[in-house]
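Coordinates in review
Spelled out from the first residue to the last, the chains are:
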Amino acid sequence: TGIFNDHAYFDLDIEYAKADADDILMRVTATNRGKQPARLVLLPQAWFRNTWTWFKGSQAPSLTMAGHGAIRVSHHRLGDFTLHVENADKLLFCDNETNTARLYGTPPHGYYKDAFHEYVIRGNGTAVNPARTGTKAAGLYARTIPAGGSSVVRLRLSPGAPNTAAFADFDQIVQKRI
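**As for the pattern of salt bridges**
- Within the structure shown, the criterion is met by 11 salt bridges.
- In this structure, Arg72 engages Asp80 in a salt bridge whose closest nitrogen and oxygen atoms are separated by 3.2 Å.
- Assessed through its relative accessible area of 37%, Asp80 is described here as partly exposed.
- Note that Glu86 and Arg154 form a salt bridge whose closest N and O atoms lie 2.7 Å from each other. One end of the pair, Glu86, is in the loop between β7 (79–85) and β8 (90–94); the other, Arg154, is in strand β11 (residues 150–159), with 68 residues separating them in the sequence. The two residues Glu86 and Arg154 agree in class, both being buried.

Dropping the structure here:
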């Protein structure tokens with residue numbers, strides 16, 4: 001198909017490391033293999049599988065903005081966590097719900113799971129939840145990466161409240177696990 005001609009593509013290396021049983025680090029390295037600078041949009045996401053609609057009386061979990069670069073993760077059985085998202089351009093939120101308005105023509109009633117596509121590809125800013133809450137969230141990283149260059153994205157899911165030093169020991173932990 002010629003898709004790899006001129007090496008005009010990105011390599012993505014995704015590495016996970018555990019600092020503790022419930023403290024998970026993620027490092028994404030995007031490398032531009034092309035001969036020209038190129039734009040890349042990364043959307044690392046967290047979401048809850050939609051099981052709360054299966055049974056009457058089920059409690060929905062939530063993902064909520066918890067300050068700059070922090071998403072509060074709350075689940076009635078798993079507890080409270082924070083997803084730290086380093087240097088994202090923006091945090092996006094919606095619900096992990098099927099877009100019934102698009103599929104079946106029902107009246108729109110929320111922020112559906114295709115919201116990130118609508119936001120990034122179609123430029124529809126009303127698709128994501130302005131209240132910055134939902135059951136699906138993403139860090140938006142739009143980067144122009146030089147030819148042969150790389151860009152690194154770091155995330156950390158850890159128990160409890162946001163920690164301003166969440167990335168202080170990140171590189172040491174990843175290196176130790178390697």
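Still to come is the rest of the account.
**Structural notes on the pairing of β11**
- Taken together, the eight bridges between strand β2 (residues 23–32) and β11 define a ladder with antiparallel strand orientation. Its bridge partner lying in β11, Ala30 is registered against Ser151.
- When β7 meets β11, the two strands line up antiparallel, connected through five bridges. Across the sheet, the residue bridging to Val85 is Leu155, located in β11.

**Things to note about the nonpolar core**
- In this structure, Leu42, Leu63, Ile71, Leu83 and Val85 are the most contacted members of the largest nonpolar core, which totals 22 residues.
- With residues up to four places along the chain from it excluded, the contact list for Leu42 reads Leu12, Val28, Ala30, Gly139, Leu140, Tyr141 and Val153.
- In terms of nonpolar packing, the next biggest core, distinct from the first, is built from eight residues, Leu92, Ala115, Phe116 and Leu140 among them.

**Thoughts on the side chain of Arg27**
- Within the fold, Arg27 resides in strand β2.
- Using a relative accessible area of 17% as the deciding quantity, one classes Arg27 as buried.
- Side chain to side chain, Arg27 and Glu15 meet in a polar contact 2.8 Å long.
- With residues near it in sequence (within four places) discarded, Arg27 still touches Asp13, Ile14, Glu15, Val152, Val153, Phe170, Asp171, Val174 and Ile178.

What counts and what doesn't
Residues numbered from 1 in each chain as written. Predicted model: local features only at pLDDT ≥ 70, side-chain atom pairs only at ≥ 80, totals over all residues. Heavy atoms only, no water. Salt bridge = Lys/Arg side-chain N within 4 Å of Asp/Glu carboxyl O. Buried < 20%, exposed > 50% of the residue type's maximum accessible area, 1.4 Å probe, protein only. Helix = DSSP H or I, 4+ residues; strand = E, 2+ residues; numbered from the N terminus. Pairing = 2+ DSSP bridges. Core = buried A, V, L, I, M, F, W, Y, C linked by side-chain atoms within 4.5 Å. Contact = heavy atoms within 4.5 Å. Polar contact = N/O pair within 3.5 Å; in protein donor to acceptor, adjacent residues only side chain to side chain.

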